[in-house]
Amino acid sequence: MSLYDDVIKVAKLYLGPAAERFINRQLSTHLNKAASELTAGDIEELAKWCFVSGRLVMPEERAKEFGEAVKKIKA
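Rules used throughout
Residues numbered from 1 in each chain as written. Predicted model: local features only at pLDDT ≥ 70, side-chain atom pairs only at ≥ 80, totals over all residues. Heavy atoms only, no water. Helix = DSSP H or I, 4+ residues; strand = E, 2+ residues; numbered from the N terminus. Rg over C-alpha atoms; globule rule 2.2 N^0.38 Å. Buried < 20%, exposed > 50% of the residue type's maximum accessible area, 1.4 Å probe, protein only. Contact = heavy atoms within 4.5 Å. Lys, Arg positive; Asp, Glu negative; His and termini not counted. Charge placed at Lys NZ, Arg CZ, Asp CG, Glu CD.

1. A short note on the overall build of the protein
A tally of helices and strands in the protein yields four helices and zero strands. Of the regular secondary structure in the protein, the N- to C-terminal order runs α-α-α-α. Expected size for 75 residues packed as a compact globule is a radius of gyration near 11 Å; at 11 Å, the protein falls within 12% of this value. Viewed in the frame of its principal axes, the protein has a C-alpha envelope of about 30 × 20 × 20 Å. Counting across all 75 residues of the protein, residues that qualify as buried make up 39%. Pairs at least 24 residues apart make up 52% of the contacts formed inside the protein by residues separated by at least 6 positions. Across the protein, the 12 positively charged side chains and the 11 negatively charged ones have centroids separated by 3 Å.

Rendered as structure tokens:
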């Protein structure tokens, strides 16, 4: 399983079927990367954006939990 797949697996717990679209948007908009370009060095930044953007669509505490869960993903 790729790092991207691990991120999607976690994101689905918080966003359901919208997870892949949400993560792809964070990658392209904030990290300027395609899914295939995601590296372990990007996880911290991606986690930050999962929290920031996540709190627009879920309660802040849940978004914080989401960001922390992404941050724990290891390559």
